[in-house]
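So you can see what is in the structure, the chains are spelled out below.
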Amino acid sequence: MNIVQKVTIRHLKENKRRTLVTMIGVIISVAMITAVTTLGFSFLDLMVRQHIAKHGEWHVLFKDVNKDQIKALEQDSETKTMILSSTGYSDLKESENENKPYLFFQNYNRAGLKHFPMEVVEGRLPRTENEIAISEAMINNGKVDFKIGDQLTVEIGERWSPVTEKVLTQTDFLQQDEDGVIEELRTHETKTVTIVGMIERPTWEPTWSPGYTAIGFIDETALSNTHTVDAFVVLTEIDRSLYKHAKSLAAAEGIDKVNYNGELLRYYGVTNNAQLHKTLYSLVAIIMSVIIIGSVALIYNAFSISVSERTRHLGMLASVGATKRQKRNSVFFEGAVIGVISIPIGILAGLAGIGITFVFINNLLRKALGVSENLELVVTPSSILIACGISILTIFISTYIPAQRASRVSAIEAIRQSHDIKLTGKTVKTSKLVRKVFGLEAEIGLKNVKRNRKKYLATVFSLVISIVLFLSVTFFTDNLKKSLSMSQDELTYDIQISGSQLKNEDLTEYTKLDHVTKSTIIEEMNLEALIPWAEVSEQLKTQLANEPVPEDGMHPYYVYLSALDQKSFEEYAKQVGVEAKEFTNPDTPKAIVIEQISYEEAGTGRIIETNSIQSEVGKRIDLFMMPSGDMEHEQPDREVVGSIEIGALTHHVPMGVNTASLGSVNLIVPQSTMDSLLANTDIEVFPYVYLNSSDPMATQTAIEDRKDSNVNVFNVYQQRQQDEQMIMLMSVFTYGFITLISLISIANIFNTISTSISLRKREFAMLRSVGMTPNGFNKMIQYESIFYGVKALTYGLPISVLVMLAIHRSTNYTFEYGFLLPWMSILFVIVVIFLIVGSAMLYSISKIKNENIIESLKQENI
């Protein structure tokens, strides 16, 4: 260690407060980068583990492969594990559940039995092709009297729908009409199997499936050349090339159908959607840029705001013969010393903070979401290297600029610091209006700001970065949640009940079952309306740009008319903000129009949010029977159903209603309006009841126990729970991110202002020495706070809007919706900026206002 380095270390020790403030700045910055990257990796890891725990691990599915193709897939270099699977149905005449008349065979090889989640309740899983393990739901729900050791002779085949002429799967409802079951069971195999175990109902089995699951075994060595199975492949490496590789492998081996585990692959950051890929990369680039800029600002401010002290120190070195290179290296060495101490502490602080956060929120996550996996701290080399690299680069930039400037300043100038404050009349000139309106204290405060321009700009820059950080991250997370909700199914209910022979009176009984927390009965009818071309959705106009405008100026629309029971309609009207009684007059029927819809654009896969129609309250819509001909051309024999007035336009969707697609519109009316519209027609509509339940499985069992014929029960609880789980996890991540950014921003502001105030001790002592009163001093500081806040908002808000527009444009590669400024967040920022700046300055002043004036005037170090 040379003499210059020793003097630099001594200088750092003497200026303990400035050194500590600088180190805290670096520690906070490194902790922020480490925490954010670790948080992201940890949540993705949780989603991967939770998906595997619920649905099993696989990446690519090759359907209907034979023995030779299986061999080729096994020998492929990308195959890590291969799971073989086959399915089949047999009649389960013993079942008392009319909605589940089948035994569904789900067969796996040994790898499949390990990779797919199955909880053995009693006995064991099968080991040969003549053994099965049955679901306990068959015993509890279907009242089937089977036990371990029983032998069953079954005829196995596939379900066939004569209506759609296709094979049905476990995700398809039992096909029924008023005469009973209309689907066929086409058998092709008879075998005798022994029950060797009992399992819990698999999580991957839909509750509405028509068959009780029985786990069978596939002996891959005994497969014949004519026997085909499905092959689930777990890959050795997961990247975007897997899509191309799987397609080429399938083509080479003559495999027709290839599917991908899209949800799991998305958690790995892999997608075959080019638009989605572009969205993800652009959003990551924008948000990481914002974080990096914030990090640079935080560390740079910690150095730049104390340039004056370093410059005097370097001037003293120059006066005893130090060269430009030695002065420059002295500053670099100072940065290196601070970095060596601060970066490891920052990394450990970031990891410790996130780790402690995970400990506290894990119980909350398990209870709120029903997840079985814990959120674990995932530390990756990339996250640590990113934090270290950004911090080292930032420290270098922060030290390089003042070092270069100080190396060019003469010794006398550096010691006197005459280059830091170069006063002219124009520099400190203020408007006479300032003194007249705000007083002498405001004028002095403004002159102080102008005189200390570099310190002032450093503080304003810190405030601007804090504003941009907070607003950008808030906007980013709000848009991320909106995009996620747009991509999810609109499932706001747990159970749907329908029946061709049921009336409202019958379905009302289901709303009174135990555990039901909310219910609504809906009658639905499909109609047609002619909408004026001016009121047609802009997106639809764009799609029809190459087609002539209808001669009569009217465009045909599908109309989904939904009638809610009176209680549900009253609750919905209250949510929308209208009076329900205004919609019950049969002489002037009114409807609530859902004007906001989301749809997936054909070809690009983009999810677009737009208006269904561009109409106004008070306009009327004439309703017609659905025409039998081509909807694109006006039908001369349209049968009028009635006319309805638009009573309200809303984006709120009632429980059980699916929003229309482009070229369609939803009308929500009370049941009385539907009855009046149908009074003079022979149209028959069928009611549905939608239930939310505190125990959906128990509610489904209670419905099935009633043994009502021709009743279809559709339990979507698991799918809805998964959608809510995604949104909840995203909320925890995003609001945690916002909280972290907010704390960083506040720390940044306090750090910058407190350091600036400390460096102005002599200045404040001078003002007090010439007679400024404590009251006048406080007023001056308050006005300085206002000047800082106004200047920061003047720059920070426009820059934030530009960043928001960039984020919105990136999101629009996949999700298209209108740009809305987050006004509440902007208002929050305006208020908080002034509160934080004022608090920081008053806090800093309180630390020095009682110090001795003479000592402060003589003070050199801080």
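Residues numbered from 1 in each chain as written. Predicted model: local features only at pLDDT ≥ 70, side-chain atom pairs only at ≥ 80, totals over all residues. Heavy atoms only, no water.

Draft legend 1. The arrangement of the pattern of salt bridges in detail. What the rule picks out here adds up to 10 salt bridges. Ionic pairing is found between arginine 49 and glutamate 376, a salt bridge with its closest N-O pair at 4.0 Å. Taken together, the residues arginine 49 in helix α2 (residues 16-55) and glutamate 376 in the loop between α10 (324-369) and α11 (381-407) connect sequence positions 327 residues apart. The exposure class assigned to arginine 49 is buried, which follows from its relative accessible area of 16%. A salt bridge links lysine 147 to aspartate 150, with the shortest nitrogen-to-oxygen separation between them at 3.5 Å. Here lysine 147 falls in the exposed class, since its relative accessible area comes to 54%. The network of salt bridges with shared partners includes Asp45, Arg49 and Glu376. (Salt bridge = Lys/Arg side-chain N within 4 Å of Asp/Glu carboxyl O. Helix = DSSP H or I, 4+ residues; strand = E, 2+ residues; numbered from the N terminus. Buried < 20%, exposed > 50% of the residue type's maximum accessible area, 1.4 Å probe, protein only.)

Draft legend 2. Layout of the packing of aromatic side chains. Within the structure shown, the criterion is met by 11 aromatic pairs. On the basis of an interplanar angle of 75° and a centroid distance of 5.0 Å, the ring pair of tryptophan 58 and phenylalanine 232 is categorised as edge-to-face. Of this pair, tryptophan 58 sits in the loop between α2 and β1 (60-65) while phenylalanine 232 sits in strand β12 (residues 229-235), and the two are 174 residues apart along the sequence. Given a relative accessible area of 12%, phenylalanine 232 falls into the buried group. Clustering of aromatic rings is evident, with ring pairs tying together Trp58, Tyr108, Phe116 and Phe232. A cation over a ring is seen here: arginine 159 above tyrosine 89, with NZ or CZ 5.4 Å from the ring centre. (Phe/Tyr/Trp six-rings, centres within 6.5 Å; stacked < 30°, edge-to-face > 60°. Lys NZ or Arg CZ within 6 Å of the ring centre and 35° of its normal.)

Draft legend 3. Representation of the packing of helix α1 (residues 3-14) against α2 within the structure. As a packed pair, α1 and α2 sit with axes 5 Å apart at the nearest point and diverge in direction by 95°. With respect to α2, the axis of α1 lies roughly perpendicular. Seen from α1, the contacting residues are His11, Leu12, Lys13 and Glu14; seen from α2, they are Lys16, Arg18 and Thr19. Across the contact of α1 with α2, the residue classes break down as 1 nonpolar, 2 polar and 4 charged. (Axes fitted to C-alpha atoms, helices over the stretch in contact; angles between N-to-C directions. Parallel < 35°, antiparallel > 145°, perpendicular 65-115°, else oblique. Contact = heavy atoms within 4.5 Å. Nonpolar A, V, L, I, M, F, W, Y, C, P; charged D, E, K, R; others polar.)

Draft legend 4. Fine view of a nonpolar patch on the surface. A cluster of nonpolar side chains, contributed by Leu393, Phe396, Ile397, Tyr400 and Ile401, occupies part of the molecular surface with about 460 Å² of accessible area. Following the sequence through the fold, isoleucine 401 ends up in helix α11. (Patch = residues over 30% accessible without salt bridge, like charges linked within 9 Å, V, L, I, M, F, W, Y side chains within 5 Å. Areas by Shrake-Rupley, 256 points an atom, 1.4 Å probe, with all protein chains shown as cover.)

Draft legend 5. Spotlight on the confidence of the model for the protein chain. Across the protein chain, the average pLDDT comes to 78, with 75% of residues at or above 70. Counting contacts from residues 629-635, a segment whose pLDDT is below 50, to residues more than four positions away or on other chains yields 11 contacts. (pLDDT = per-residue confidence, 0-100.)

Draft legend 6. Fine view of the pairing of strand β14 (residues 495-498). Residues Ile495 and Ile497 of β14 are buried on one face, and the alternating residues Gln496 and Ser498, pointing to the opposite face, are buried as well. Summarising the sheet, β14 and strand β23 (residues 687-693) pair through 4 bridges and their orientation is antiparallel. Across the sheet, the residue bridging to serine 498 is tyrosine 688, located in β23. Note: β14 against strand β24 (residues 712-715), 4 bridges, orientation antiparallel. The residue of β24 that forms the bridge with isoleucine 495 is asparagine 715. (Pairing = 2+ DSSP bridges.)

Draft legend 7. Just the nonpolar core, in detail. Core analysis: the largest hydrophobic core is formed by 32 residues, its most contacted members being Met525, Leu561, Ile621, Leu623 and Leu667. Those residues in contact with methionine 525, other than ones at most four positions away along the chain, are Val559, Tyr560, Leu561, Met674, Leu678, Ile683 and Val685. Within the second largest apolar cluster, 27 residues are counted, among which are Phe475, Phe764, Ile826 and Val829. (Core = buried A, V, L, I, M, F, W, Y, C linked by side-chain atoms within 4.5 Å.)

Draft legend 8. Spatial organisation of helix α6 (residues 241-253). A rise of 1.5 Å per residue sets the reference length of α6, with its 13 residues, at 18 Å; its end C-alpha atoms lie 18 Å apart and thus fit the reference within 8%. Of all the residues in α6, the buried ones are Leu242, Tyr243, Ala246, Leu249 and Ala250. The buried residues of α6 all sit within an arc of 135° when viewed along its axis, so they share a single face. Residues of α6 that are exposed and angled more than 90 degrees away from the buried face: Lys244, Ala251 and Ala252. Residues of α6 that are buried sit in contact with β1, α3 (67-75), β12, β13 (257-260) and α7 (262-267). Positive phi shows up at glycine 254, right after α6, with a value of about 75°. (Expected span 1.5 Å × (residues − 1). Arc of directions from axis to C-beta.)

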